[in-house]
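Okay, here's what each chain looks like letter by letter:
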Amino acid sequence: MMSMTMTQKILADHAGLKEVSAGQLIEAKLDVVMANDITGPMALPIFQQMADQVFDKDKVVLVPDHFTPNKDIKSAENSKAIREFSLNQCLTHHMEQGKCGVEHAILPEKGIVVAGECIIGADSHTCTYGALGAFSTGVGTTDIATGMATGELWFKVPSAIQFVLKGHLQPHVSGKDVILHIIGRIGVDGALYKSMEFTGEGVAELSMDDRFTICNMAIEAGAKNGIFPVDDLTRAYMDKHSTKTYKEYTADEDAVYDEVVEIDLSEIMPTVAFPHLPGNAHTMDEINASEKIYIDQVVIGSCTNGRMSDLRKAAAILKGKQVSERVRVMVVPATQKIFVQCIREGLAEIFVEAGCAFNTPSCGPCMGGHMGVMAKGEKCVSTTNRNFVGRMGDTEALIYLASPETAAASAIAGYIADPRKVGE
Amino acid sequence: MKANGTVLKYGDNVDTDVIIPARYLNSFDAKELASHAMVDIDPTFVERLNPGDIMVAGKNFGCGSSREHAPLALKTAGVSCVIAKSFARIFYRNSINIGFAILECEEAADDIDEGNQVEIDFDTGKIYNLTKNKEYQSQPFPEFLQKMIQANGLVNYVNEKKG
């Protein structure tokens, strides 16, 4: 029997095959098919060329999150299109503004995605659910329409890079720093077409939220998917959030990897990706030794870093402080549940009293949609995932990607600041 | 199938946010998207482009978002083919699915210059640089994808399979 990676095992099972190997083209059954208010409306006319009904109303989910609350009339029409489709098709998981949140936070939170599944989403950050031990990847509109109609899709079986994590994370270092460090090391096409499989004793160091953040940005290294093994933490998360049965897969011990990369978590510092690539990583020590980079805006949120532990960490730094008078800060919880939990725990008060805008869940500012668009020449520290030219507004705006703690420390300082030094 | 056109050349990591910025994604009208193609790195792209022209770029072309609006904008603007050292995987899938020609060829991507006249034979994967009088061999599509392209994209492929 051929040895397989974790991803290959999931794909083989979903293709009804005993084994698969890298490069093989397969057709796999899909457990969840997701689209949003940008990709969904475009998929509907394509879907209608193939089918009248979705393949399974439990397995198709449409999330209005990108330009919501509707930023203009065209966006309102797009939200309306997926709303009506979702209602007409009687989709089990009907999503609506005020009751959902950012797609990659809401699907795990509502227990719609679990370990062992094969998931596609018409959004590149669909790779997030690999944190749960699922195969999950982003696709385009035609693919998603096909998935909605047939419940199957063609895939080229990926080879993998194994990341062996060891050591302990230092204080004020989180999953975001880990993934920015990794992308900095391997480059923005370092894992092109491949799986990023995380393993090693260091996995136990990482919270579920850290793992979501790490898998979320696998695409920023070009990867097809990122994936973590299932452990007690994953099981506890799924038991709390989901009633679905899940299946645990493990990579064969003799699985073949294109490359094995050792990551010593204890050596990772707070890390910032400078414009205009997520792989343009700089350590906080390098930043401290250089001229101050003054900023105009801070965004704390998104499918990358808008989860509860992200906001708790940001609030711990902002508590009792004031954001710099030169900076505006957008805090955007990723789901309604996180939003209300922030109120219950007093985080909302901390943010507002520190001078932050505390906004409704949305992808808004991350892709320059709304709720924090940047002007020419402005600089932003953002916990989001991309710092491409024009990503958050004007093409001459500069985006620095960082962790929630670095973002909070920078908000207070008015320049990119070290979260390890707050209170010194 | 053949293409013939003048080359517009770009560097590495041409991302989907510059191919079609998110601020235009409140529409999926192909013509409207095409009118904004490449605006954030090359504001003159649309006016310089003649139907059939060919884009040549470095590695990781189309990285970033899953937006199918990106290959659709380029195709509708009149680009006949993108030749690059490598493509980001979602852009690659999306292009095939909508029948937009893309070719991986490191040698061609390095050697072809802005303004060169280039002819492509998709059946053989051969790329001819008419300006430099040179020839390059690109990676042909695997058989499975050739079938899909022959079926004129994924939708027809699925409908044919249903019979």
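Treat the numbers as computed from the prediction; the structure is a model and nothing was measured.

Further remarks concern the domain arrangement of chain A. Residue and element names in this part refer to chain A. Once the domains are mapped, chain A shows domain 1 (6–242 + 256–264) and domain 2 (269–421). The C-alpha-based centres of domain 1 and domain 2 are spaced at 24 Å. If you look at the interface, domain 1 gives 37 residues, while domain 2 gives 36 residues. Those elements that provide at least two residues to the side of domain 1 that touches domain 2 are α4 (103–109), α6 (175–186) and α7 (208–216). At six residues, α6 tops the list of elements feeding residues into the side of domain 1 that touches domain 2.

This brings us to the pairing of strand β5 (residues 135–138) of chain A. Residue and element names in this part refer to chain A. Because side chains alternate across β5, one face comprises the buried residues F135 and T137, and the other comprises S136 and G138, equally buried. Bridge count for strand β4 (residues 118–121) against β5 is four bridges, and the pairing is parallel. In the sheet register, C118 faces β5, and the bridge partner there is F135.

On to helix α3 (residues 73–88) of chain A. For an α-helix, 3.6 residues make a turn, and residues three or four places apart therefore share a direction. Residue and element names in this part refer to chain A. Between its first and last C-alpha atoms α3 spans 22 Å; for 16 residues at 1.5 Å apiece the expected length is 22 Å, and the two agree. For α3, the set of buried residues is S75, N78, S79, I82, F85 and S86. One side of α3 holds all its buried residues, which, seen down the axis, span an arc of 130 degrees. Turned more than 90 degrees from where α3 packs its buried face, I73, E84, L87 and N88 sit exposed.

A few words now on the interface of chain B and chain A. Each partner contributes residues to the interface: chain B has 36 residues there, and chain A has 40 residues. Contributing elements (two or more residues each) for the side of chain B that touches chain A: α1 (16–19), α5 (89–97) and α8 (154–162) of chain B. Element by element, the count of residues in the side of chain B that touches chain A is highest for α5 of chain B, at five residues.

Another aspect to go through is the pairing of strand β2 (residues 32–36) of chain A. Residue and element names in this part refer to chain A. The element β2 is extensively covered by neighbouring structure, given that five of its five residues are classed as buried. Side chains V32, M34 and N36 of β2 all project onto a buried face; the interleaved residues V33 and A35 project onto the opposite face, where all are buried too. Looking at chain direction, β2 and β4 are connected through three bridges and run parallel. Residue pairing across strands places M34 opposite G121, the latter belonging to β4. With four bridges connecting them, β2 and strand β3 (residues 60–63) associate as parallel partners. In the sheet register, A35 faces β3, and the bridge partner there is L62.

Attention now moves to the environment of M196 of chain A. If you trace the backbone, M196 of chain A turns up in strand β8 (residues 195–199). The class for M196 of chain A is buried, based on 32 C-beta atoms found within 10 Å.

Right, let's talk about the packing of helix α11 (residues 308–318) of chain A against helix α13 (residues 347–354) of chain A for a bit. Residue and element names in this part refer to chain A. Two numbers describe how α11 lies on α13: the axes approach to 9 Å, and their chain directions differ by 50 degrees. Looking at the two axes, α11 sits oblique to α13. As for how α11 packs across α13, the hand of that crossing is left-handed. Between α11, through L311, R312, A315 and L318, and α13, the contact on the second element is made entirely by L347, I350, F351 and A354. Taken together, the residues of the contact of α11 with α13 sort by class into seven nonpolar, no polar and one charged.

Let's shift gears to the sheet that holds β2 of chain A. Residue and element names in this part refer to chain A. Spatial strand order, β3-β2-β4-β5: four strands in an open sheet with parallel pairing. Either end of the sheet is taken by a strand with one partner, and the two such strands are β3 and β5. If you compare each strand with its neighbour and ignore which way they point, the axes differ by 15 degrees on average. Of the strands in this sheet, β2 and β3 touch helix α2 (residues 39–48), which is tilted by about 115 degrees from β2.

Residues and elements named next belong to chain A. Along α11, eight of the 11 residues are buried, which leaves the element largely enclosed by surrounding structure. Regarding α11, the residues found buried are M308, D310, L311, K313, A314, A315, I317 and L318. One or two positions beyond α11, positive phi appears at G320, with a value near 75 degrees.

Residues and elements named next belong to chain B. Within the secondary structure, S138 is located in the loop between β7 (134–137) and α7 (143–150). Taking C-alpha positions, S138 is 26 Å from D42, a pair spaced 96 residues apart along the chain. Once you skip the residues sitting within four places of it in the chain, S138 turns out to touch L103, E104, C105, A108, G125 and I127.

Residues and elements named next belong to chain A. Overall, parallel pairing links the four strands, which are arranged β9-β8-β7-β10 in an open sheet. At either end of the open sheet lies a strand with only one pairing partner, and these are β9 (225–227) and β10 (259–264). Averaged over all pairs of adjacent strands, the angle between their axes in this sheet comes to 20 degrees, without regard to strand direction.

When pLDDT is averaged along chain B, the result is 93; 98% of the residues meet or exceed 70. The ipTM value of the predicted complex is 0.93, and its pTM value is 0.97.

Moving on, we get to unusual backbone geometry. Cis geometry marks the peptide bond from T68 of chain A to P69 of chain A; its omega dihedral reads -15 degrees. Residues P275 of chain A and H276 of chain A are joined by a peptide bond in cis, for which omega reads -5 degrees. Summarising the element assignment, H276 of chain A is placed in the loop between β11 (271–273) and β12 (281–283). We note that M371 of chain A has phi near 65 degrees; this positive angle belongs to a residue other than glycine. Note that M371 of chain A resides in the loop between β15 (356–358) and β16 (379–382). Its identity is not glycine, yet M38 of chain B carries a phi of approximately 65 degrees, on the positive side. Tracing the backbone shows M38 of chain B in the loop between α2 (30–35) and α3 (45–48).

Cut-offs and rules
- Residues numbered from 1 in each chain as written.
- Chains lettered and ligands numbered in written order.
- Predicted model: local features only at pLDDT ≥ 70, side-chain atom pairs only at ≥ 80, totals over all residues.
- Domains from an automatic or database assignment.
- Contact = placed C-beta atoms within 7 Å.
- Helix = DSSP H or I, 4+ residues; strand = E, 2+ residues; numbered from the N terminus.
- Buried ≥ 20, exposed ≤ 12 C-beta atoms within 10 Å, placed from the backbone.
- Pairing = 2+ DSSP bridges.
- Expected span 1.5 Å × (residues − 1).
- Arc of directions from axis to C-beta.
- Axes fitted to C-alpha atoms, helices over the stretch in contact; angles between N-to-C directions.
- Parallel < 35°, antiparallel > 145°, perpendicular 65-115°, else oblique.
- Left-handed = near helix turned anticlockwise from the far one by under 90°.
- Nonpolar A, V, L, I, M, F, W, Y, C, P; charged D, E, K, R; others polar.
- pLDDT = per-residue confidence, 0-100.

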